[in-house]
Amino acid sequence: MRLQSLLLILMAGSLMLSACNKSQSQSSDMSDNPFFSESALPFHAPDFDAIKIEHYRPAFEAGIGEELKEMEKIATNPEAPTFENTIVAMEKSGRLLSRTSSVFYNLTSSHTNDQIQEIQKEMAPKLAAHSDNILLNAELYDRVKSLYEKRDELDLNEAQMKLLKDTHRDFVRAGAQLTEKEQQRMREINERISSLTTEFQENLLALTKERSVLVDDANKLDGFSDDRIAAAKEAATERGYEDQYLLSISNTTRVPVLKELNNRDLRERLWKASAYRGIGKEGGIDNQPIILELVKLRAEQAKLLGYENYAAYKLDPQTAQTPENALDMLKDLVPPVIANSTEEQSAIKEMMEKDGIESEVQPWDWNYYAEKVRQDRYNIDQSKVRPYFELNRVLKDGVFYTMNKLFGITLEERNDLPVYHPDVRVFNVYDEDGSQIGLFYADFFERESKRGGAWMNSFVSQSHLLDHKPVIVNVLNIPKPAEGDPALISFDNVTTMFHEMGHAVHGLLSDVEYPSQGGTSVPRDFVEFPSTFEEDWAIQPGVLENYAVHYETREQIPQELLDKVIEASNFNQGFDTQEYLAATLLDMEWHLLGTEEIPEDVQNFEQQALAKYNLDMEAIHPRYKSPYFAHIFSGGYAANYYAYIWSEVLAADAFAYMQENGGLESENGDRFRKYILSQGGSDEAMELYQEYRGQEPEVKHLLKRRGLDAGE
Ligand SMILES: [Zn+2]
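Here's a quick rundown of the structure.

Parameters at a glance
- Residues numbered from 1 in each chain as written.
- Predicted model: local features only at pLDDT ≥ 70, side-chain atom pairs only at ≥ 80, totals over all residues.
- Heavy atoms only, no water.
- Phe/Tyr/Trp six-rings, centres within 6.5 Å; stacked < 30°, edge-to-face > 60°.
- Buried < 20%, exposed > 50% of the residue type's maximum accessible area, 1.4 Å probe, protein only.
- Lys NZ or Arg CZ within 6 Å of the ring centre and 35° of its normal.
- Core = buried A, V, L, I, M, F, W, Y, C linked by side-chain atoms within 4.5 Å.
- Contact = heavy atoms within 4.5 Å.
- Helix = DSSP H or I, 4+ residues; strand = E, 2+ residues; numbered from the N terminus.
- Expected span 1.5 Å × (residues − 1).
- Donors = N, O, S within 2.8 Å, 3.2 Å for Na, K, Ca; no water.
- 1 Å grid on protein atoms, 1.4 Å probe; cavity = no way out; pocket = protein on both sides within 12 Å on 5 of 7 lines; lining within 4 Å.
- Points joined across faces, edges and corners; volume = space filled by probe spheres on them.

A word on the packing of aromatic side chains
Phase 1: Taken as a whole and judged by the stated rule, the model has 45 aromatic pairs.
Phase 2: Measuring from ring centre to ring centre gives 5.0 Å for Phe-104 and Tyr-105, while their planes differ by 90°; the resulting arrangement is edge-to-face.
Phase 3: Summarising the aromatic geometry, the rings of Trp-271 and Tyr-276 are spaced 5.8 Å apart at their centres and angled 90° between planes, so their arrangement reads as edge-to-face.
Phase 4: A residue is classified by how much of its surface remains accessible, and Trp-271, at 4% relative accessible area, is buried.
Phase 5: Above the face of the Tyr-148 ring, Arg-151 is positioned so that its terminal group lies 4.1 Å from the ring centre.
Phase 6: Taking NZ or CZ as reference, Arg-267 lies 3.9 Å from the ring centre of Tyr-368, over its face.

This is the structure in structure tokens:
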């Protein structure tokens, strides 16, 4: 059983939106449905040549039915409960559903279409109910509970003890200990939350349309390239506005194109369109009632389960454990971050004065003038940098090279396995002794059927119990070069390749018994640690000169150019960190509320929350304001948005520790592999870290990593 991963899948699924609504069920012969048996390909790699769209629905339905039957059998087993006949039996169950989900939910993000979205929308409530049906099964819970209560007499090893505790906790957190009446209320709340989050998400999509800005004169777009102006004109025409220009907002408060717009009034209009969306302005869409009802329901849910507030409930199984622990760390960051952003602000003010603008720095000025400061200071011509970052060289002589030096593994491309898109590449992964660890898929190029961002996924996650070796995929969005041209990529994308490989080795080097403890099955505030840790190798001497080589002349990147690239990547970190911190603390404040403390006014609450932490700076607003904070109001990050920076503290600390101990050495890599990567979720994450590190992590390394330590 993979309850945790099922929930993650549901959350990931909930971030997507379907274009169609109704569906009809299709029949399919079980014998030719590839999901009904384990793939016969090496490492049970998905047989993408055989999988057809009509196979998913019947496989999901049969998979849900199969797992329910298996759970029922465990629940009604006449024999007394044992670890083997209950916990291990649950781990072995649900294989058909797991096989289907792991292929399907990779494609929903990386290669989707209307039919896939339709199935996704149809399956979301069914899978949510399925999860409730298992976790609220009283007989099943009784068996788990009786084992949990005598856990010290069961002679379990560490991983087994952890598995028993986690399984018991999954049931308790879903409401298994509640009275029937309370459970009924839990189901009602879940249902209501699910429709509110869907509504929130649908509103967000409609808001991007509602809040886009129409411009009547191309002269106002001064600063834009001809291509961008043409695209804005096309976008307006598509909406029926001839000879006008349409500018879209992005998902964040800041709008990236503001960097380029010379017209200050238009910048103000566009920034305000973005920052004040979803508050019902001029009869527009209003997400505020949804937010207030959501936080109230979540507070009620937490109270039913015996927690003081929703943040306490959400953080209990995380490495931070309590909201206070997370808040302590976040609060420590505020002063150095403000010191930095204040310095950045004076440089921006100076630049504005040069432009003859006397007013205070406004949020719509920040990124525009920051870009000018950046160009003034570093003056980097990207077209001179990219020839040193050719994708294949970065991959083989940078990313794979580092993995080899640290962990002794080797990756070799193979062309005989079916893939879900012609751009996807497959690699064998070998250990130092030549034995094969698993498979690594790389899906690097952007395309219309892929959502934005970069991520790692598992087609098969490692488990000795199931005799499964890992089959892992990295998905990125690197612009695709024209046919026959080399892929010359940005330094940002270089870093992203290292980052995603960090998740990939977490999956690939996993060495655990039970499927629900494999690879990245760790708390949310721990999972970004191995990936962020790998990022820093990209700029290490010893790694960098190995891959940053001109694709034509074979010359190494000149030191001066390289220094500039690295310095420029640290630029504006005060602003970036502050807008993130503001959003994080806002998330915490919403979810620290008790059922009786829900405010009436969203914007007023927001203002007070920011002021409480000195983060109500006029020029820097939260990265997301509540009415469009999808992570916490429609994604799975409620009270968990802090997780990114929490993981980064560990990453920076671990990297500094390795640097102090010889850097890129196999002994260092072996230790990291032994204590962190191979362990997956088989032990408490923070204990793993302390065993690895020999002490608690220190925040100072994070400040240094972000270039925020100058004022210390
Ligand atoms: Zn990541």
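Picking up after the structure, the text goes on.
A few points about the nonpolar core
Phase 1: Judged by nonpolar contacts, the single largest core of 82 residues is most densely connected at Phe-389, Phe-440, Met-497, Met-501, Phe-529, Tyr-547 and Phe-672.
Phase 2: Ignoring anything within four residues of it in the chain, the contact list for Tyr-547 reads Tyr-388, Phe-389, Arg-393, Val-394, Asp-397, Gly-398, Val-494, Phe-498 and Ala-538.
Phase 3: Membership of the second largest hydrophobic core comes to 74 residues, among which are Ile-290, Leu-297, Val-334 and Leu-581.

Let's talk about helix H17 (residues 491-508)
Phase 1: Across its 18 residues, H17 extends 25 Å between first and last C-alpha, which sits within 8% of the 26 Å expected from 1.5 Å per residue.
Phase 2: Most of H17 is tucked away: 16 of the 18 residues are buried.

Here we look at helix H25 (residues 666-675)
Phase 1: Within the span of H25, buried status applies to Asn-668, Gly-669, Phe-672, Arg-673 and Tyr-675.
Phase 2: As for H25, its buried residues are in contact with helix H16 (391-407), strand E5 (436-445), helix H18 (524-535), helix H24 (643-660) and helix H26 (685-693).

Re the coordination of the zinc ion
Phase 1: All of the protein donors around the zinc ion are His-499 (NE2), His-503 (NE2) and Glu-528 (OE); their distances to the metal are 2.1 Å.
Phase 2: Each donor residue of the zinc ion belongs to the same chain, with the gaps between them written as H-x3-H-x24-E. With a gap of 25 residues between them, His-503 in helix H17 and Glu-528 in helix H18 connect regions that are remote in the sequence.

Considerations on empty space enclosed by the protein
Phase 1: The full count for this structure, using the stated rule, is 1 cavity of 30 Å³ or more.
Phase 2: Roughly 60 Å³ of volume is contained in the largest cavity.
Phase 3: Around the largest cavity, the lining residues are Thr-253, Arg-254, Trp-271, Pro-363, Asn-367, Phe-575, Glu-579, Ala-619, Ile-620, His-621 and Pro-622.
Phase 4: Elements that contribute at least two residues to the lining of the largest cavity include exactly helix H14 (363-378) and helix H21 (573-591).

Geometric values such as these leave the question of function open.
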